[in-house]
Amino acid sequence: MKGDFFRIKKHLEIFFARCVKGRHLSCELDYKNRMERVIGMSIRKRRVEMGQVLIFSLILLGVLSTYGGAFAADVGRERAVDEALEKAIIQAQKTMREDLGGPFGAAIIDVDGTVLCVASNTVLGDHDPTAHAEINAIRLAAEIKGTHDLSGMVIYATGYPCPMCLAAIIWANITEAVYGCRPEDAEEIGFRDDFIYRFIESGRSDSLILSIEEYGRDRCLELFDEYAELNKIIY
Ligand SMILES: [Zn+2]
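Q: Before we move on, could you go through helix H4 (residues 163-171) and cite the residues and values that matter?
A: Looking only at H4, the buried set comprises Cys165, Ala168 and Ile169. In a view along the axis of H4, the buried residues occupy a sector of 100°, so they form one face of it. Of the exposed residues in H4, those oriented more than 90 degrees away from the buried face are Ala167 and Ile170. At its buried positions, H4 is contacted by helix H3 (133-145), strand E3 (154-159) and strand E4 (176-181). Asparagine 173 occupies a position one or two residues after H4 and carries a positive phi of about 65°.

Q: Lay out the nonpolar core with the relevant residues and their values.
A: Residues Ala106, Ala107, Ala137, Ile155 and Tyr156 are the most contacted members of the largest nonpolar core, which totals 29 residues. Counting only elements with at least two residues in this core, the list comes to helix H1 (2-97), strand E1 (105-109), strand E2 (115-120), H3, E3 and H4. Broken down by element, this core gets its largest block of residues, 5 residues, from H3. Other than its neighbours up to four places away in sequence, alanine 137 contacts Ala106, Ala107, Ile108, Cys117, Val118, Ala119 and Ile155.

Q: Can you tell me about the packing of H3 against H4, naming the residues and giving the values?
A: Packing of H3 against H4 leaves a shortest axis separation of 9 Å and a crossing angle of 20°. When the axes of H3 and H4 are compared, the pair comes out roughly parallel. Considering only the axes of H3 and H4, their crossing is left-handed. Touching Glu134, Ile135 and Ile138 of H3 are Cys165, Ala168 and Ile169, all from H4. Taken together, the residues of the contact of H3 with H4 sort by class into 5 nonpolar, no polar and 1 charged.

Thresholds, definitions, all that
Throughout, a residue's number is its position along its own chain's written sequence, starting from 1. For this predicted model, a pLDDT threshold of at least 70 governs which residues receive local features, and a threshold of 80 or more governs which side-chain atom pairs are given and counted, while totals over whole chains, interfaces and linings are taken from all residues. Our exposure labels follow a C-beta count within 10 Å of each residue's own C-beta, placed from the backbone: buried means 20 or more other C-beta atoms, exposed means 12 or fewer, and partly exposed covers the counts in between. Helix and strand assignments follow DSSP, with helices taken as H or I runs no shorter than four residues and strands as E runs no shorter than two, numbered in order from the N terminus. Each direction from the helix axis to a C-beta atom contributes to the arc, which is the arc of those directions. Any pair of residues counts as being in contact when their C-beta atoms, constructed from backbone geometry, are within 7 Å of one another. Linking buried Ala, Val, Leu, Ile, Met, Phe, Trp, Tyr and Cys residues through C-beta atoms within 7 Å yields a set, and such a set is a nonpolar core. Angular values range over 0 to 180 degrees, each being the angle between N-to-C directions of two axes fitted as lines to C-alpha atoms, with helices fitted over their stretch in contact. Orientation labels follow simple angle bins: below 35 degrees gives roughly parallel, above 145 gives roughly antiparallel, 65 to 115 gives roughly perpendicular, and whatever is left gives oblique. Left-handed is the label given to a crossing in which the near helix is rotated counterclockwise from the far helix by less than a right angle, and right-handed is the label when the rotation is clockwise. Think of it as three bins: nonpolar holds Ala, Val, Leu, Ile, Met, Phe, Trp, Tyr, Cys and Pro, charged holds Asp, Glu, Lys and Arg, and polar takes everything else, Gly as well.

These figures come from the coordinates and say nothing about function on their own.
Here it is, written out as structure tokens:
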């Protein structure tokens with residue numbers, strides 16, 4: 001009887017020992033699986049976070065390069081316009097004090113943002129009614145560059161360009177003009193800028209200011225046709 005008791009006890013001990021060991025093993029496996037899951041999740045989460053950081057950085061870089069570049073360009077342009085303004089005023093003061101022309105100066109800013117040239121009104125000195133500051137500046141810039149095409153350049157004028165200069169600016173392919181005084185400011189001191197603008201705006205119908213008539217069209221068309229047939233440069 002006593003022998004049976006010890007045998008049963010022994011079996012029970014072995015049985016419980018196996019159970020504990022099994023549980024321990026299953027716990028270890030469970031722990032390992034869970035750890036792997038946690039590590040896997042952590043790695044995936046880290047990857048997602050790093051991806052988000054990378055995307056955010058790229059967006060930030062894009063925004064900074066776009067607005068930063070635009071800001072730098074704006075600052076550079078403002079500086080160039082300031083320099084053009086100062087130089088145009090100094091040049092205008094010089095020629096007007098020498099009685100060569102009116103108080104008008106102009107400067108042309110090159111495509112690289114530097115002031116290419118400066119000129120002023122020399123109508124009186126040159127006995128040339130077209131020698132306005134803008135015209136003189138355009139002629140100077142074209143001579144320096146060796147081309148009639150001033151695309152990409154900016155013109156600064158101390159006064160709003162008169163119709164002649166406005167057209168000359170467009171002919172030169174300059175698409176940006178900055179001015180100081182307004183046409184009415186020029187009229188205030190006796191110049192006719194505003195007067196010419198009103199004439200154009202009214203349809204050029206006032207023959208007392210200017211009479212315009214057509215004559216000899218057929219003869220002149222022959223000239224035009226000859227140019228077209230020669231395939232010459234159109235500007
Ligand atoms: Zn003008």
